[in-house]
Amino acid sequence: MAEFHTATFLLLVLAVGALAYPSGAPPEACVSLNPTSHGASTASGSPPYTLTVGANSYKPMQKIEVTLAGVGSAMFKGFLVEGRAVSSKNTVGLFTNTTTSKVVCDTGKGGNGITHINAAPKSKQVFVWQAPATVAGDIVFHYTVVRGGAPNTTADPADYFMDIQSNPLPSSEVMNHNINMNIFDKIIIMLYNIIFIR
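Everything quoted here is computed from the prediction, not taken from an experiment.

Parameters at a glance
- Going along each chain's sequence as written, the residues are numbered from 1 onward.
- pLDDT decides what is reported in this predicted model: residues at 70 or higher carry local features, side-chain atom pairs at 80 or more are listed and counted, and totals for whole chains, interfaces and linings draw on all residues regardless.
- Hydrogen atoms and water are omitted, and side-chain values are computed over all heavy atoms in the structure.
- Residues are called lining when one of their atoms sits within 4 Å of a cavity or pocket point, these points coming from a 1 Å grid over the protein atoms alone, where a cavity is a set in which a 1.4 Å probe fits but cannot get out and a pocket is an open set with protein on both sides within 12 Å along at least five of seven lines.
- Grid points are joined across faces, edges and corners, and a volume is the space filled by probe spheres set on the points.
- Note on residue categories: nonpolar means Ala, Val, Leu, Ile, Met, Phe, Trp, Tyr, Cys or Pro, charged means Asp, Glu, Lys or Arg, and polar means any other residue, Gly included.
- A pair of strands is treated as paired once DSSP finds two or more bridges between them.
- Strands here are runs of E lasting at least two residues and helices are runs of H or I lasting at least four, both read from the DSSP assignment and numbered beginning at the N terminus.
- Helix axes are fitted only over the stretch in contact, all axes being lines through C-alpha atoms; the angle between N-to-C directions runs from 0 to 180 degrees.
- For salt bridges, the criterion is a side-chain nitrogen of Lys or Arg within 4 Å of an Asp or Glu carboxyl oxygen.
- Exposure is judged per residue with a 1.4 Å probe applied to protein chains only, and the accessible area is read against the type maximum: over 50% gives exposed, under 20% gives buried, and values in between give partly exposed.
- Put simply, a disulfide is two cysteine sulfurs that come within 2.5 Å.

Chemist: Pulling in residues and values, what's your account of the layout of surface pockets?
Modeler: Counted as a void, the second largest pocket has a volume near 180 Å³. Counted by class, the lining of the second largest pocket contains three nonpolar, three polar and four charged residues.

Structure follows, in structure tokens:
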């Protein structure tokens with residue numbers, strides 16, 4: 001009887017492992033960034049991962065480096081990253097395949113995401129994201145990370161952080177407008193001081 005239970009347990013473990021998508025996030029994860037096949041998340045605390053965007057703003061069609069990394073010794077096995085317009089929540093901008101990641105979630109409308117190609121533990125992944133052809137307002141990168149490797153060495157497909165969000169990336173048009181408004185504000189204050197305070 002114990003052998004039957006052991007065999008059943010091993011089959012269940014293998015089934016969960018097969019459903020965990022070691023070769024990348026499936027299309028059904030694209031909208032919610034929820035790796036539903038992993039079960040409810042068991043991760044707790046702050047995510048030990050950062051997503052760094054290699055620019056302070058974007059111009060249409062600009063290529064920008066995006067880096068997903070573990071903090072300290074934190075590693076990860078899987079991920080899904082998408083750029084989304086804050087105003088519409090639509091996926092915008094295009095990632096390109098790398099030797100360690102592949103494009104997924106292609107909407108056919110100028111947006112896609114990027115995911116892992118294997119379940120080997122990783123400490124950092126670097127991608128190239130191309131901004132949309134037209135300004136889409138502020139863009140936030142949404143990402144889900146499945147933990148794996150240090151500091152947790154026990155495999156747990158449900159150990160993931162879902163839909164973490166980067167700081168907003170504004171368009172350079174908005175940045176330039178804000179800079180021009182700041183200069184204009186300073187000129188008005190200076191003129192006010194000259195005319196009324198003297």
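There's plenty left to go through after this.
Chemist: With reference to specific residues and values, describe the sheet that holds strand E6 (residues 113-116).
Modeler: Pairing in this open sheet of five strands is antiparallel, and the strands run E5-E6-E3-E8-E9 from one edge to the other. Each edge of the open sheet carries a strand with a single partner, namely strand E5 (101-104) and strand E9 (160-165). On average, each strand axis in the sheet is inclined to that of its neighbour by 15°, with strand direction left out of account. Inspection of the sheet shows strand E3 (residues 76-85) paired to E6 by three bridges, in the antiparallel sense. Each bridged residue has a counterpart across the sheet, and for valine 81 the counterpart in E6 is isoleucine 114.

Chemist: Residue-level account of the pattern of salt bridges, with values.
Modeler: In this structure the tally under the stated criterion is two salt bridges. Put simply, arginine 84 and glutamate 82 hold a salt bridge, and the shortest N to O gap is 2.7 Å. Judged on exposure class, the residue arginine 84 and its partner glutamate 82 are both buried. Arginine 147 is the partner of aspartate 159 in a salt bridge, and the nearest nitrogen-oxygen pair spans 2.9 Å. Within this pair, whereas aspartate 159 is found in the loop between strand E8 (139-147) and E9, its partner arginine 147 is found in strand E8, the two being separated by twelve residues in sequence.

Chemist: Account for the state of the cysteines, with residues named and values stated.
Modeler: This model, assessed by the stated rule, comprises one disulfide. Here cysteine 30 engages in a disulfide with cysteine 105; their sulfurs sit 1.9 Å apart. Between cysteine 30 and cysteine 105, the S-S torsion sits near -85°, and that sign places the bridge as left-handed. Linking cysteine 30 in the loop between helix H1 (2-19) and strand E1 (49-53) with cysteine 105 in the loop between E5 and E6, this pair joins segments that are 75 residues apart in sequence. The same class applies to cysteine 30 as to cysteine 105, namely buried.

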